[in-house]
Amino acid sequence: MGPFATANWPLRTIRQFATAPFLVFGTGMFSMETDIISKRGNKKFYHDGFIYIFEKLSKNDSSIKFWRCEQRGRCNGRIHTKSGTVIKTINGHTHSPSAASVQVAKVKTCLKRRAEEPQEVVILASLPMTSSMKEIIRRKRNDISLAPPNPTDLQHLVIPIRYKVYKPDNGAEEKFLLADSGQGSLVILDPEEVTYIESQVKGVIGRSVVLECGQSVPTIYIWGFTRPGFSDIRAVLYNYGMGAKLQKMASMFGDVKVLSDGAALVIDNLQLAAEGRFTCQSLYDTNDGAKLVYIFVDLHVLVPITKPSIQMSVSAPVEGSAISLLCSVENGTRPLEYIWNRQAALSTGPINVSETTDSLLNLTSVNRNHTGWYTCTAKNEVNEVTSDRVWLDVIYGPDQPAINITPYALNSVGYAAIEQDTISMTCSASSNPPSQYIWFHNNSQIYTGQQFVIERIARSQTGSYMCLAYNTVLNARTKTTIILTVYYLPDGKPICTVLSVNDNQDIALWCSWEGGNPPATLQWVDTQRDGVDVEGLSSISRVKAGWETSNNSTYSCRASHPALRADWSCRTTALLPEGGPSCSATAVKSLEYTMLSCNWEGGLPQASLRWANWRGNFLGKAERSINNQVLQSSPTYSGKEFICQATHPLSRSRACSIQLEAPDLLTPRNSVTVFEGSDVYVTCILKAAYPTSEIVWHNNRNESVWLRPKKYLLHQENSWSNLTIREADGDHDNGTYWCTASNVVGSSRLSIQLLVNKYPTPPNVTISKLLYGRQRTEVVLEWMTQGSGDLTGFMIQRRPARRSFRVRGTTELEQSKTDPYTPWQIVASSIDPAIRGHKLGGMDPRVLYAFRILAVNHKTTGYPSEVKTPADPPFSALPAVIGAAVAGMLIAVVGTVLMIQYIIRNRESIPWLHDLLFQRPTNELQEQINFPEDADVTSPAEGEDIVENREQTEAAFPLAETSPDASAEETLTTTATTESSINVNISLLVTLRPRVNISLLLKLPPSVNTRLLVTLPPSVNISLLVTLFPSVNISLLVTLPPSVNTRLLVTQHTSVNISLLVILPPSVNISLLVTLPPSVNIRLLVTLHPSVNNSLLYEHLAVGDCAPASVNIRLLSDIAPECEHQAVGDTARECEHQAVE
């Protein structure tokens, strides 16, 4: 620490320091706040070689300032000062202290202050330049910071002169050191130079204490002791330069010793007897002579505090009463300070409960907050000890109970809960001891305990809940009541729809979800602008103009309820019904009433329908979607129009109408004449009727035809009805037949006259031959006809003959007579009228039979022939010869057939043999078939190309059509294919059961003589396809009964002689297509009965290019009166054949 005024400063600067109060302190010796300021004029504080900057004031005490190190960002040093004194140091510095920095900062501050003083008028000199000042500061800093070298021992210790003499600014010099420790003789200073130093030291009993005797080791020192209250000094230890000598009395102070490198007295295990004044007399040998120093040390022996204990006046006081707590300490140096702390049961740490430091704690009015663990801490300047904790239990309560509900929900009257949720109610009332809890629901006790849980709460558990709290020690009760409301959803889900309002001009969006607690909140949401249009409870509606609402517009209704975790919604769409209204009328209750029906179903809202009569008067009220009006049947309604008016908000008004008409019957023939035994077809056509009517038939006896289903067959469609009278009888079926149609506005009745004629009587028959066979099991008959007449067949009858008498002679003669009472038995019928012989088998050889023959003309039979019995045959060898011939023929046929089969199977390997055997014969060699006497026979054209005919045959496959009336369960498809060799006679009989769907395909090769008979019973849906190859002689007879839907396609090839007879009964819908190739001789007879809708198409040579030349055709059509017949001929460009595979 050198004199600062000796630096080479300019004159004006030295003069300023001479006139200003300026103190120079060594590093680490002083602290000051006012000598240094910052660039901004803020005060700085320097302490122990560090400079601090002011940070802030303490919040608790504004006189305390917080400072931080000026090297901000590099050093975290902090100090706290109060009235310019450092009271607390925080954190250490990261750099070393610098006294030079402090001095430099002070010089700068002085310069700034002198520059700011207004009384300085005369400027004797100017401040140096910045660079010169920096050099001066650097030199001064180096000069001050320079320190003497560290000595290794006392002899090497050298103290520079500037450290020995202190020169203030006034020019005076003062010795800094009183003596020099270097070599030289001891010089005893004058008595006035003896130094006296007094100090006080405190030690703790049982511990160590150090009593200092100067800063260095004196040459001679003596330690003495004076007890408190006495003035005499007793020697404890002395050292005359020969080592320390300890006196006996030193043992009473403890373990006494002297530091080896000094004169300090050390007392270990300090005893209470050491309390008193210790005196250290030390003599130092200095350069200036000897120096005597007296050091007086007052030693105070302190006793630590023992563990205190607490006594309470009452351990469990009642809230509001007084209590005192006493903290007792056995040993400890006074004064003692007592600190009372309390820790609650659930707190984390103790808290101070009183500001007093006395040992007695008085609580005049104890409360529940005083409950807890209490401790007493006693402390002195040696130590502090805390007592064991004691529990203060304050009796109180119960307070007003508080009910906590989980889950927690509030409403306007109390609490709310969701139905089916689990509700937990907890009752809490502060009390010591803890309260007992009792629960009441609507004043009825339901539970005992603090927590009351309701599993799946129901809406019936809504009401008041009371919790009663009870303190058993104080016998005190308190209670609290709450209202709990159980919320539940309405039944089902929200319903939204579209209604029509304002006379079906506008629509109303209606949303409803009624019920529940509280009622559900409904909102019509505008999806386009994401807003709420209408809001309400349980049921809301929103009206929109129909003209501004487009079809298929969708709207959404949102429903919210406290019992829902998320909102529900429903959607509805304004929809116009499809199409338009439809009207109809039906008869009900046996034509007593008429029901007008108007329908326009679908859409939302539903359309409004209303009936009006022909006068414009409305019938009944408007209905939605369907409107049925029942009227009393009356003929006055015939021809009147009824209108159904339909309205809908999304469309203009629409309407439909009906007109009631009385039935009107027509018939193609009012009179029908037939021969006996034929089926008769009569027809009634319903011309106009609305509502539709059923046609009812009555026979000539005015009986309903439904009573005799075997006799009458009825086929009825929407607008017509056919009645078939089977096997007409002249005696019973002649007369008038009636058809009747009735509806709600009238009826119509039509008569048809039926006349049944009998056929002429056929000619008489005579038996010309009647012989037995060899075994008498067969009979051969031959007969002749006598006279003229129509003939359709013959019938043979027999019966057993009665034997009358016998005559014996050269020959036996038997005569017999038939029994007139035995009925005749028919053994053969439907014999061809051209045949005059017949063989009967199956005879009993033991019985003699009588025979007779009758001619038949349809249903009329002629007179029977004479009655004859058969005669025995004459002996002849012809049968044996014939049998042998037949056997040979059979063997030859079998061999031929086997050979033909072999040739056919191997025709690829031996084609020449196949062609030789199967070469097509010429037209002259073809066999001619005898037709009935009224048939025209024409030979085929000469030079016909057989190959071309065969190609036409293969290309002409007809199209088979199946009636749609047949059910899938009854479908039977049969394809019959017959491939016959040359010169084979075939008789094919096909009998089809009713309700059978059949496809018959016959492929007949050349030169086949065929007789095809097809008998179709009623109700048979059939598709018949017959493909006939060239050179085929065929007789095709097709008899179609009534009610047969048939399509018949016949494809005829070249050189075919055919007789086609088709008899079509009434009510037969038929499409007949006949394609006839060249050179075909045909006689086509079509007999069409009344009420037959027939489309007959002939494609032949005469019409267009479809049929070739040389075709002779005779068409005979016998069409009954009033029958609609149309013959259509198409050109060759429209003739198309479809191939059937």
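Owing to the predicted nature of the structure, the values given are computational and were not obtained by experimental measurement. Counting starts from 1 at the beginning of each chain's written sequence and moves along it residue by residue. A pLDDT threshold of at least 70 governs which residues receive local features in this predicted model, and a stricter bar of 80 or more applies before side-chain atom pairs are shown or counted, although totals over entire chains, interfaces and linings include all residues. Only hydrogens and water are removed before side-chain values are computed, so all heavy atoms of the structure are retained for them.

Novice: How should the state of the cysteines be read in this particular structure?
Specialist: Covalently bonding the sulfur atom of one cysteine to the sulfur atom of another cysteine gives a disulfide. In this description, the term disulfide denotes a pair of cysteine sulfurs within 2.5 Å. Under the counting rule described, the total for this entry stands at eight disulfides. Each sulfur in the disulfide pair Cys 327 and Cys 376 lies 1.9 Å from the other. Its S-S torsion of approximately -95 degrees makes the covalent link between Cys 327 and Cys 376 left-handed. Taken together, the residues Cys 327 in strand S19 (residues 323-328) and Cys 376 in strand S23 (residues 372-379) connect sequence positions 49 residues apart. Categorising residues by exposure relies on relative accessible area from a 1.4 Å probe, with only protein chains included: less than 20% of the type maximum marks a residue as buried, more than 50% marks it as exposed, and the intermediate range marks it as partly exposed. Relative accessible area serves as the criterion here: at 3%, Cys 327 is assigned to the buried category. Bridging Cys 496 to Cys 570, the disulfide has an S-S length of 2.4 Å. With Cys 496 in strand S34 (residues 495-501) and Cys 570 in strand S40 (residues 568-574), this residue pair connects regions lying 74 residues apart in the sequence. Using a relative accessible area of 10% as the deciding quantity, one classes Cys 570 as buried. Counting only cysteine sulfurs, Cys 75 is the nearest neighbor of Cys 69, a cysteine outside any disulfide, at a range of 3.8 Å. Strands are runs of DSSP state E lasting at least two residues, helices are runs of H or I lasting at least four, and both sets are numbered from the N terminus onward.

Novice: Looking at this model, I keep getting lost on the packing of aromatic side chains. Mind explaining?
Specialist: For any pair of aromatic rings, the description consists of the separation of the ring centres together with the inter-plane angle of the planes. Aromatic rings from Phe, Tyr and Trp, with only the six-membered ring used for Trp, were paired whenever their centres fell within 6.5 Å, and each pair was classed as stacked if the ring planes differed by under 30 degrees, edge-to-face if by over 60, and tilted otherwise. Summed over the entire model, instances satisfying the criterion amount to 20 aromatic pairs. Aromatic pair Phe 54 and Trp 67: ring centres 5.5 Å apart, planes at 75 degrees, arrangement edge-to-face. In this pair, Phe 54 sits in strand S3 (residues 50-57) while Trp 67 sits in strand S4 (residues 64-69), placing the two residues 13 residues apart along the sequence. Exposure remark for Phe 54: the relative accessible area of 34% places this residue in the partly exposed category. Exposure remark for Trp 67: the relative accessible area of 1% places this residue in the buried category. Where Phe 452 meets Tyr 465, the ring centres are 6.4 Å apart and the plane angle is 40 degrees; that geometry is what we call tilted. Linking Phe 452 in strand S31 (residues 451-454) with Tyr 465 in strand S32 (residues 463-471), this pair joins segments that are 13 residues apart in sequence. Classification of Tyr 465 by relative accessible area gives buried; the value is 2%. Remark: a charge is flagged as sitting over a ring if the NZ atom of Lys or the CZ atom of Arg is within 6 Å of the ring centre and within 35 degrees of the ring normal. The ring of Trp 614 has Lys 640 lying over it, and the distance from NZ or CZ to the ring centre is 5.7 Å.

Novice: Help me understand the sheet that holds strand S10 (residues 209-211), please; the structure alone is not making it clear to me.
Specialist: Note: strands within a sheet are paired through backbone hydrogen bonds, in either parallel or antiparallel orientation. Two strands are said to pair when DSSP picks up at least two bridges between them. Strand order in the open sheet formed by three strands is S10-S15-S14, with antiparallel pairing between adjacent strands. Of all strands in the sheet, those with a lone pairing partner are S10 and strand S14 (255-258), marking the two edges. With direction set aside, neighbouring strand axes in the sheet form an average angle of 20 degrees. Across four bridges, S14 lies against strand S15 (residues 265-268) in antiparallel orientation. Bridged to Val 256 within S15 is Ile 267. Angles shown run from 0 to 180 degrees and are taken between the N-to-C directions of axes, each axis being a line fitted to C-alpha atoms and, for helices, limited to the stretch in contact.

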